Every structure is written in structure tokens, then in C-alpha cells.
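# Coordinates in review
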Amino acid sequence: MKKTILSVAIGAAALGLASAASAATLDDVKAKGVVTCGVSAGIPGFSNPDDKGEWTGIDVDYCRGIAAAVFGDPTKAKFVALSSKDRFPALQSGEVDVLTRNTTWTISRDTSLGFNFRTVNYYDGQGFIVKKSLNVKSALELSGAAVCVQTGTTTELNLADYFKANNLQYNPVVFEKEADATTAYDAGRCDVYTTDQSGLYAIRLKMKNPDENMVLPEVISKEPLGPAVRQGDDKWFDVVSWVHYAMVNAEELGITSKNVDELKASGSPDIKRMLGSEEGSKIGTDLGLTNDWAYNIVKQVGNYGEVFDRTVGPNTPLKIERGLNALWTKGGLQYAPPIR
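Only a predicted model underlies this, so the values are computations on that prediction, with no experimental measurement involved.

### Some words on the state of the cysteines
The full count for this structure, using the stated rule, is two disulfides. The disulfide bridge from Cys37 ends at Cys63, spanning 2.0 Å between sulfur atoms. Across the S-S bond of Cys37 and Cys63 the torsion is about 85°, and the bridge reads as right-handed. Note that Cys37 is positioned in strand E1 (residues 35–40) and Cys63 in helix H3 (residues 58–71), a separation of 26 residues in sequence. The pair Cys37 / Cys63 is uniform in exposure class, with both members buried. Two residues, Cys148 and Cys190, share a disulfide whose sulfurs are 2.0 Å apart. Taking the sign of the S-S torsion, -110° for the link of Cys148 and Cys190, the bridge is left-handed. Taken as a pair, Cys148 in strand E9 (residues 145–150) and Cys190 in the loop between helix H7 (178–186) and strand E11 (192–196) lie far apart in primary sequence, 42 residues in all.

Shown next as C-alpha cells:
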């Protein structure tokens, strides 16, 4: 979620590493029998290990969806916890096969770092959390506040831009590590903490008195979060992208993990085609997978709505509404190309 700013030199080196490391990722993944996903070190709802070391979250389930598509087994997913600083070198070097680590899609990452983005599994935006005792209802009331922020990130730049654009003054309290910044905010060393809104809801859960904190309504940036892969490997890029599209299409068609077996025999051409039961279809094999790849994703992991609801939705501790992440048919931005 943090947008660490790397130097041009590192970006240039990344292009060379990406070319060397991205020859045939799908073949490599099949050969080793597991897909290795880079995830955040612990953000509830997105990627977070429990006390038994079991990973949960919307980014984790994306990785499991890839494993289900490739192997027909969502457990064949390995998770590597990465900091903001380490996530890009890990993908560039081939340490991980895909970055499913709530990372913002930007032009510089799509070009100079040698990565490819296509899908957005969570539309987010930067926001602010404050103590309720501060008695503010809007970020426009924060002039003169001390703001905790992680340094070396676009979060820091967005903060400066927002306050400047609105003629507000603030005192930045900067930290290299997110954990230090949130601890400082919780201890009262600053009035406000800023990061992506989804992260604010997760961070609030970890505070000493969560109910004494509130997320302000303003969203001051666009943060389309999604998986990244190395450039130069279109086959793997397609597989990673169509996992998300399959989940979204399944929700739109009303296919869930509970009814997928029943609907696999449905007379609907769209459903039969997607689930691999259409006679003569080669959609799965054209991806380098089996024709039941999408069936496996939905049966074993769920459609997009199911994943959202169980990881970050209104009935979870985060209590996040669908909002921009609703289907396009329900006023949101989640839209997938057709599987045909």
C-alpha cells in the first residue's frame, strides 16, 4: 500500500532484471508446483497471517485464485511477506512470481520499473484518521495539525499536495516504517495519520482504543490496487489478469462457490463457456491451463463478491462497503471483459 519512490538508477536496472527473470513464468510455476506471491507483512483484510500462520485477506485470495486456476488446488500458493522497500526488488529478481501486495498502479511502475499491471482488485484512495476527541469532521479542518506519515512514499507527496492546494498548514512527523508511524499516532505524538483508506480501517483495529478513532470522509488520491508481474511474459500476464476477470464475471453471472456445480450444467452459453462445459471450447488451453480453470477458481476460492465480503466487507471487523468496488451494474467500477 505504501508507494516507495525508487531512484531512476534502480528503475533502469529493473528492466534488465525483468527481462532475465520473465522468460516463461507459467512453465516455471508448474515445474515447481507452487505459485509464489509477494504480499504485505500484515494488513488485516488484505494479507495477514493468523496466530497459526494461516494467511487471510483479499490479496491472499487472489493468489489462491491463481493457484486454483493453474493447479486446481488453492493450497499450492506460497506467501512471501514483503515491506514497501523490498516488494519491487523481489518481483524484479524473480523471488516472487507475482506481487499481490495492495500496490498502486502508476505510470512509473508500469514503465521504468519493468512491471505490467492490468486488473484492479481494490479501488482505494488516500485518507486520514483522527482521534474523535479532536472534534473535526473534515480534512479541511486540519490546518496546523501534526500529521504522522511514512517517508519516501507517494503518500507523503499526496499529503503535501493536498495541504498546499487547500492553503492549509501542517507539521509532518515522518517515519521510515509504517508500524512506527501508527504507533506514534496511537501514542498521541501526532494528531492525524494518513495512508490509503483501506489501510486506515485495518490499522484502527490494532489501536489501543479503536472506537476512539475515526476515518475522515475525504479521499485525496486515486489508488488503484492490483497485482503486478514482470514485463516480457504475456502468457503469465494473461493468466494473472484473467483470474480476476473470472471472479468478476462469476459474480455478474450469479455463479458462487455454492451453486457452481449446479450451474455448470446450465443451458446458459455464457456460464457453460466460462465453467469449461461448452463443447469444443479451448479457452482454458489457450491460456495454458485446463478448461475448468475458472470453475476451479469459483468452486475453491469464490467469486469477487464472496472474496470481498469475507475479507473486508460489512460483516468483517473492517466493515468496508463495496462502494467503488461494486460491480459496474451496481454503480461500481468492477468490470470484466467477457469470457468468450
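Next comes the rest of the description.
### A short note on helix H8 (residues 197–205)
Every buried residue of H8 is accounted for by Gln197, Ser198, Gly199, Leu200, Ala202 and Ile203. If you follow the buried residues of H8, they end up packed against strand E7 (122–124), strand E8 (126–131), H7, E11, strand E12 (213–215) and strand E13 (223–230).

### Focus on the packing of H3 against helix H13 (residues 293–300)
Two elements in contact, H3 and H13, have axes whose closest approach is 8 Å; the angle formed by their N-to-C orientations is 140°. When the axis of H3 is compared with that of H13, the two are oblique. Between H3 and H13 lies a crossing of right-handed hand. For the pair H3 and H13, contact is made by Gly65, Ala68 and Ala69 and by Trp293, Asn296, Ile297 and Gln300, respectively. Looking at side-chain class alone, the contact of H3 with H13 contains four nonpolar, three polar and no charged residues.

### Quick look at the pattern of salt bridges
This structure, assessed with the given rule, holds nine salt bridges. Between Glu251 and Arg322 there is a salt bridge whose closest N-O contact spans 3.0 Å. Placement of Glu251 in helix H9 (residues 234–253) and of Arg322 in the segment after helix H14 (304–311) is noted, with a sequence separation of 71 residues between them. The class of Glu251 is buried, set by a relative accessible area of 17%.

Calculation criteria
- Residues numbered from 1 in each chain as written.
- Predicted model: local features only at pLDDT ≥ 70, side-chain atom pairs only at ≥ 80, totals over all residues.
- Heavy atoms only, no water.
- Disulfide = S-S within 2.5 Å.
- Helix = DSSP H or I, 4+ residues; strand = E, 2+ residues; numbered from the N terminus.
- Buried < 20%, exposed > 50% of the residue type's maximum accessible area, 1.4 Å probe, protein only.
- Contact = heavy atoms within 4.5 Å.
- Axes fitted to C-alpha atoms, helices over the stretch in contact; angles between N-to-C directions.
- Parallel < 35°, antiparallel > 145°, perpendicular 65-115°, else oblique.
- Left-handed = near helix turned anticlockwise from the far one by under 90°.
- Nonpolar A, V, L, I, M, F, W, Y, C, P; charged D, E, K, R; others polar.
- Salt bridge = Lys/Arg side-chain N within 4 Å of Asp/Glu carboxyl O.

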